[in-house]
Amino acid sequence: RSYEESISSETDRESIFAVNQSGDIVTVPSSAHLNPNAGYVYCLDGSPSFPTKLDRELFLPKEPDVLAADTSEVAPSSLIRSEREREDANRLFNMTISKRGPRAAQKRHRCLWQLAKFMGSQFLGAWLMCIPAQISQSNLPTDEKSKVLLRALGALRILRSHRRIVADEAAYRALIVACGKCGTDRRVELMKLYGLMRNDGIFPDAVTLGQYTRAIAEGYSNRSADIHVDTDKLGMHVVASPTATYSDLELLDTNLSLLEESGMRWKSRGGKATSEAAPPSISQSKTFETVTTQRTSKSKRQWHPVYCSSSFFPMRSDDGTSTTSIKKDKNVRLVALWSRTTCCKSCSYVPLDEEIQSGWDVATPHDNAVALDWSVPCPRCDALIVPLIGYKEMGTEDFTDKEDNPEVLGYKSDLPPQLESKITDGYAPPTSDGGGGEEEHGQSSGFVSYLSPKKLRLVLEQLVVEFGEEILDRDRLREVNPQALFNLWWYCARFALPLPLAISPTNGDDINNTPQEISDACAFASWDKSIAMQGCRSAAKAIGATRTSPLASEHREKLFDNPSIDSPLLAFFNLQGYCQADWDHADLSEVLVSLVKACDTTDLTQAVACICQKNESKEGTEHPDGTVVQAPSLGHNMTDTSFGSTTAAAYESFSMMNPSTDEHSPIHKISSSGLDCYRTLLYLARYQCTTAFHAFFPTTTRACKGYHFWCAQGTPRPIFDRAFREAADDYNHNRGNVNNGDTDGNDNKAIGPAIHGVSEVGVGFRCIFGHMI
């Protein structure tokens, strides 16, 4: 039988189902109490017609007024992590730390790279979280949006391959959202991001899959709208403007071109390089019209103890012309950042930057953005210290060519500031008029707490929840939370990345047709303030050289015609001229000679012995008048001046919780009259003879891959730290044999103060985050 016959035979007049003229099974009204052959007909105003409007009163149950879900909470942003993702991060953090509970009951893991790589992953997640807001700027042209995305993909690739930092799901989700907001077709990059995320063992949740589907749809829509795009150019590409000149400040920051060159490798489809066309590269204008400036090997790049991070706004529209509605402030903001701001109140020891970071190797009871857990233990006496980051904001007009400015030249004291046992650039107490951190000529300076990347990410997520994604603006974040801004800028400089925050124009007037102003900025991070000021001074000269001026001809020649310059912003920072006084120093010159001799044998025993003998000869030196030279006291007065007002109350609370902070440790008391053995050799090996010492005594080594508990590579100990530890043990053993003939290895009483180094966790942070002293 046919389908209609089977249906009609199974249905009768009393059934509620029937077959219409189209062959569909429909529900019919009841025919009860009707005459034979009678039925219902829809009518409007007496004419047979289907109704276009239904009566809501006849519905049961009653139709709700609003069909959407009734909720008073705002949906969280897809850029922040969920509770499950935060719990996974805390679980991974507890696996990477090596100190659990009291310090006496430590549990060391075999692989000590994990904590540094985890903190690097947290910073990468915080950095990528700001990329979608930067791409969404309304005054940013499409080509520049592509460049921002290109640099983000290049940063992910560089940190993954060179620093061995693996991004988490929230970081990948932020990149997926950025691809959808770019305004061009990015389906190739999206598919590769998804494959890379799956290779990292990440199973995306519903939020990530939803953003991925949305970005794919946006890419298809943009692809369909632009019918003039060649099908062979699907994926990432950068169009260099033919009108680009040296006045563009982006040409001065070579980190941007390196990120773009790394991001261009995402263009190859299917992971295969096309043989018909040459591999993509940045135009010659990006490399100052010189082929030799393109350094293919990372080891050939010059080392500087200062790192830079730029925040430049492009002034070109989609058609390659300059925008007239926005003008730039000629006075570029220069920010100096340094971390040599805190010393221990108990033993007066000034920790290195990697020693501060090694203090994060402890489980914290709090995991929120408002907990005051900024303190770290002192590497010498275990007393709590509150690390700070100092900052000073200036402009290019504040720097002149006067060579008598002591703040921008080399050190003027007896020892370089990297070897001094006291801090001279401390926090200035508020004056009578309440001008605590402000200086003359509009230069602002101060101190903020040194946050770990894990804590910084929590602070940024809390700000996004409270203020929305509009808070991810440079000037807005500077006004609301300068602590988050300067910490983010500090880590961006450490990893040679640009500041990922949006730049909003100010002081504009649409009625009077007054163009809006935008100010460019660049930050320089170093361990000591004097080195950061040297970077700002060099950048001021380089920016002045890019402008048309009759006095800038020699500066332009040094910038663009010198093939040995890797970073134009630091082209006027002469490292040899800064530390040339080391060879004239009575003590450092002898240590340098012994260090040069050690290059052949890689044995630092003679250099260690030279420093120890110099320290012993200075102890108890008697003047002709009979007085005895005493070491300068580094008491609480000096220490208190190194703390900013933002953390003074927090430090007092930590002191009350830990009474041992105010007590002096008689065992680990640091002598301020002599040279620190490890720090002296580390300074000379990095600042002097950079070509030779960096080759014979490298202070960093490459990390292992992935997250794991046991590591076959062992502990992160570079050649310098290994040679120093062996030299210190040999010197201690020899002194013990000479002094009292003790050969059982217990000769600390004979040699006096112990020779300290940096912990293995601190060396791991130095290798991942970069070395600066």
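What this report covers is the structure whose coordinates are included nearby. (Residues numbered from 1 in each chain as written. Predicted model: local features only at pLDDT ≥ 70, side-chain atom pairs only at ≥ 80, totals over all residues. Heavy atoms only, no water.)

## Comments concerning the state of the cysteines
Step number 1: Evaluation of the coordinates by the stated rule reveals 0 disulfides.
Step number 2: We note that Cys182 lacks a disulfide partner, and the nearest cysteine sulfur, in Cys179, lies 7.3 Å from it.
Step number 3: The class of Cys182 is buried, set by a relative accessible area of 1%.
Step number 4: Note on Cys599: no disulfide assigned, nearest cysteine sulfur contributed by Cys689 at a separation of 7.5 Å. (Disulfide = S-S within 2.5 Å. Buried < 20%, exposed > 50% of the residue type's maximum accessible area, 1.4 Å probe, protein only.)

## Quick word on the sheet that holds strand β13 (residues 521-526)
Step number 1: One open sheet accounts for 5 strands, arranged β5-β13-β7-β10-β11; its pairing is mixed. This sheet does not close on itself; its edge strands, each paired only once, are β5 (307-311) and β11 (444-449). Strand after strand, the sheet turns through a mean of 20° between neighbouring axes, direction not considered.
Step number 2: As judged from the 6 bridges shared by strand β7 (residues 333-338) and β13, these two strands associate in the parallel manner. By the bridge assignment, Val335 is partnered in β13 with Ala523.
Step number 3: With respect to the sheet, helix α13 (residues 482-494) is in contact with β5, β7, β10 (388-395), β11 and β13, its orientation differing from that of β5 by roughly 120°. (Pairing = 2+ DSSP bridges. Helix = DSSP H or I, 4+ residues; strand = E, 2+ residues; numbered from the N terminus. Axes fitted to C-alpha atoms, helices over the stretch in contact; angles between N-to-C directions. Contact = heavy atoms within 4.5 Å.)

## Regarding empty space enclosed by the protein
Step number 1: By the definition in use, this model includes 6 cavities of 30 Å³ or more.
Step number 2: The calculated volume of the largest cavity comes to roughly 240 Å³.
Step number 3: When contributions to the lining of the largest cavity are tallied by element, the ones reaching two or more residues are α4 (131-135), α5 (142-161) and β5.
Step number 4: In terms of residue count, α5 provides more of the lining of the largest cavity than any other element does, 4 residues in total.
Step number 5: Taken together, the residues that form the lining of the largest cavity break down as 15 nonpolar, 4 polar and 3 charged. (1 Å grid on protein atoms, 1.4 Å probe; cavity = no way out; pocket = protein on both sides within 12 Å on 5 of 7 lines; lining within 4 Å. Points joined across faces, edges and corners; volume = space filled by probe spheres on them. Nonpolar A, V, L, I, M, F, W, Y, C, P; charged D, E, K, R; others polar.)

## A short note on the pairing of β11
Step number 1: Counting buried residues along β11, 6 of its 6 residues qualify, which places the element largely inside the surrounding structure.
Step number 2: Two elements, β10 and β11, share 6 bridges in a ladder whose sense is antiparallel. Along β11, the bridge assignment pairs Leu388 with Ser449.

## Considerations on the pattern of salt bridges
Step number 1: What the rule picks out here adds up to 27 salt bridges.
Step number 2: Ionic pairing is found between Glu461 and Arg81, a salt bridge with its closest N-O pair at 2.8 Å. Residue Glu461 is located in helix α11 (residues 453-467), and its partner Arg81 is located in the loop between β4 (47-48) and α2 (83-96); the two are separated by 380 residues in the primary sequence.
Step number 3: For Glu461, a relative accessible area of 0% gives the class buried.
Step number 4: Across the salt bridge formed by Glu393 and Arg478, the nearest N and O atoms sit 3.0 Å from each other. In this pair, Glu393 is assigned in strand β10 and Arg478 in helix α12 (residues 474-480), connecting sequence segments 85 residues apart.
Step number 5: In this structure, a network of salt bridges that share partners links the residues Arg81, Arg86, Asp168, Arg457 and Glu461. (Salt bridge = Lys/Arg side-chain N within 4 Å of Asp/Glu carboxyl O.)

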